[in-house]
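Spelled out, the chains give:
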Amino acid sequence: IAWSVIRPFLTMLIFTFVFGRLAKLPSNGVPYPIMVFAALLPWQFFAGSLSSISTSIVGNSNLISKIYFPRLIIPVSSVIVNLVDFLISFVILIGLMVWYRYVPDFRILALPLFLALAFAAAVGFGLLIASLNVKYRDFNYLVPFMVQIGLYVSPVGFSLGVIPEKWLTIYSLNPMVGVIGGFRWAIIGHGEKLFVSSLVISVIVVAVILVIGLKYFRKTERTFADII
């Protein structure tokens, strides 16, 4: 529980100092810590879920080799565990809003939709990597690198509005761009614009990855016990 609070809080402080104080990037009148933390919530959930899913099959090799059950239960349960961490971290955001006396509006009701999109993104990418990791164990080293790079190429420490319009479509191929933008719009409300085109692209990319991940997982799951 402590790490669920400490990690995002320290990351928020660093990003606020670097992007808000040093780089002086705009926050559209919203307190910079709230803007950053609204983006950290979905990112931490996605990154934690991806890391957990990618090693879930190999990590439960004894169970998989002895008992038959739907293998999909293991990776999905890993995401649910990270959902608990998300709820714990959400308490920090509530504390920040109380501190800055910032009250969200009706848009906060849309938050579960964007959380579901983050859930789908984590499951899609996670199933694909978990399946590949059974045969190619080098993916254990690739996932932390992907998560680290993804934190900086996603709009976590800065507003999506600073991205030039001509690059926004390409930038939105990163599915977390639309998820983070949606979270900020739902939490911050009038202080953040919803980039509909970016969200649509993210939904399409997540849907494609989820289908590919599910199909590849179902195709290879019958060989897990033999390979492990």
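Residues numbered from 1 in each chain as written. Predicted model: local features only at pLDDT ≥ 70, side-chain atom pairs only at ≥ 80, totals over all residues. Heavy atoms only, no water.

K.L.:
So what exactly am I meant to see when it comes to a nonpolar patch on the surface here?
P.N.:
A cluster of nonpolar residues, Ile1, Trp3, Val5, Ile6, Phe9, Leu10 and Leu13, forms a patch on the protein surface that exposes about 700 Å² of accessible area. Within the secondary structure, isoleucine 6 sits in helix 1 (residues 2-22). On the basis of relative accessible area, isoleucine 6 is assigned to the partly exposed category, the value being 35%. (Patch = residues over 30% accessible without salt bridge, like charges linked within 9 Å, V, L, I, M, F, W, Y side chains within 5 Å. Areas by Shrake-Rupley, 256 points an atom, 1.4 Å probe, with all protein chains shown as cover. Salt bridge = Lys/Arg side-chain N within 4 Å of Asp/Glu carboxyl O. Helix = DSSP H or I, 4+ residues; strand = E, 2+ residues; numbered from the N terminus. Buried < 20%, exposed > 50% of the residue type's maximum accessible area, 1.4 Å probe, protein only.)

K.L.:
Looking at this model, I keep getting lost on the side chain of serine 78. Mind explaining?
P.N.:
Structurally, serine 78 is set in helix 5 (residues 73-100). Judged by its relative accessible area of 13%, serine 78 is buried. Serine 78 has contacts with Ser52, Ile53 and Ser56, leaving out every residue within four places of it along the chain. (Contact = heavy atoms within 4.5 Å.)

K.L.:
Honestly, helix 2 (residues 32-54) in this entry has me stumped. Any pointers?
P.N.:
Structural remark: α-helix, 3.6 residues per turn; residues separated by three or four positions point the same way. Under the 1.5 Å per step criterion, the end-to-end length of helix 2 is 33 Å for 23 residues, consistent within 8% with the ideal 33 Å. Along helix 2, the sharpest kink reaches roughly 25 degrees, centred on leucine 40 and followed within four residues by the proline proline 42. A large share of helix 2 lies buried, amounting to 20 of its 23 residues. (Expected span 1.5 Å × (residues − 1). Bend = angle between axes of the 7 residues up to and from the residue.)

K.L.:
Looking at this structure, how should I read the packing of helix 6 (residues 111-135) against helix 9 (residues 175-188)?
P.N.:
The geometry of a pair of packed helices is captured by two quantities: the angle between their axes and the separation between those axes. Remark: helix 6 packs on helix 9, axes separated minimally by 9 Å, with the N-to-C direction vectors making an angle of 160 degrees. Taken together, the axes of helix 6 and helix 9 lie roughly antiparallel to each other. Relative to helix 9, the crossing made by helix 6 is left-handed. Two secondary-structure elements touch here, helix 6 through Leu111, Phe114, Leu115, Leu117, Ala118 and Phe125 and helix 9 through Pro175, Val179, Gly182, Phe183, Trp185, Ala186 and Ile187. Here the contact of helix 6 with helix 9 is composed, by residue class, of 12 nonpolar, 1 polar and no charged. (Axes fitted to C-alpha atoms, helices over the stretch in contact; angles between N-to-C directions. Parallel < 35°, antiparallel > 145°, perpendicular 65-115°, else oblique. Left-handed = near helix turned anticlockwise from the far one by under 90°. Nonpolar A, V, L, I, M, F, W, Y, C, P; charged D, E, K, R; others polar.)

K.L.:
What am I meant to see in the layout of surface pockets here?
P.N.:
Gaps left between atoms show up when a probe the size of a water molecule is rolled over them. Volume-wise, the largest pocket comes out at about 290 Å³. In terms of lining, the largest pocket is formed by 16 residues, of which the most central are Arg7, Gln44, Phe45, Gly48 and Asn82. Listed by contribution, the elements that provide at least two residues to the lining of the largest pocket are helix 1, helix 2 and helix 5. Examining the composition of the lining of the largest pocket, we find that 8 residues originate from one element, helix 2, more than from any other. Of the residues contributing to the lining of the largest pocket, the split by class is 7 nonpolar, 7 polar and 2 charged. Counted as a void, the second largest pocket has a volume near 200 Å³. Along the wall of the second largest pocket there are 13 residues; nearest its centre are Trp43, Phe46, Met146, Gly150 and Asn174. Only helix 2, helix 7 (139-153) and helix 9 provide two or more residues apiece to the lining of the second largest pocket. (1 Å grid on protein atoms, 1.4 Å probe; cavity = no way out; pocket = protein on both sides within 12 Å on 5 of 7 lines; lining within 4 Å. Points joined across faces, edges and corners; volume = space filled by probe spheres on them.)

K.L.:
Is there a simple way to explain the nonpolar core in this structure?
P.N.:
Here is a general trend for soluble globular proteins: nonpolar side chains tend to be buried in one another's company. Formed by 65 residues in total, the largest nonpolar core has its most connected members in Phe37, Trp43, Ile57, Val156, Phe183 and Ile187. Per-element accounting of this core gives the leading share, 15 residues, to helix 2. The contacts of isoleucine 187, once residues within four sequence positions are left out, are Ala38, Leu41, Leu93, Met97, Tyr102, Pro104, Ile108 and Leu111. (Core = buried A, V, L, I, M, F, W, Y, C linked by side-chain atoms within 4.5 Å.)

Everything listed here is a matter of geometry and, on its own, says nothing about what the molecule does.
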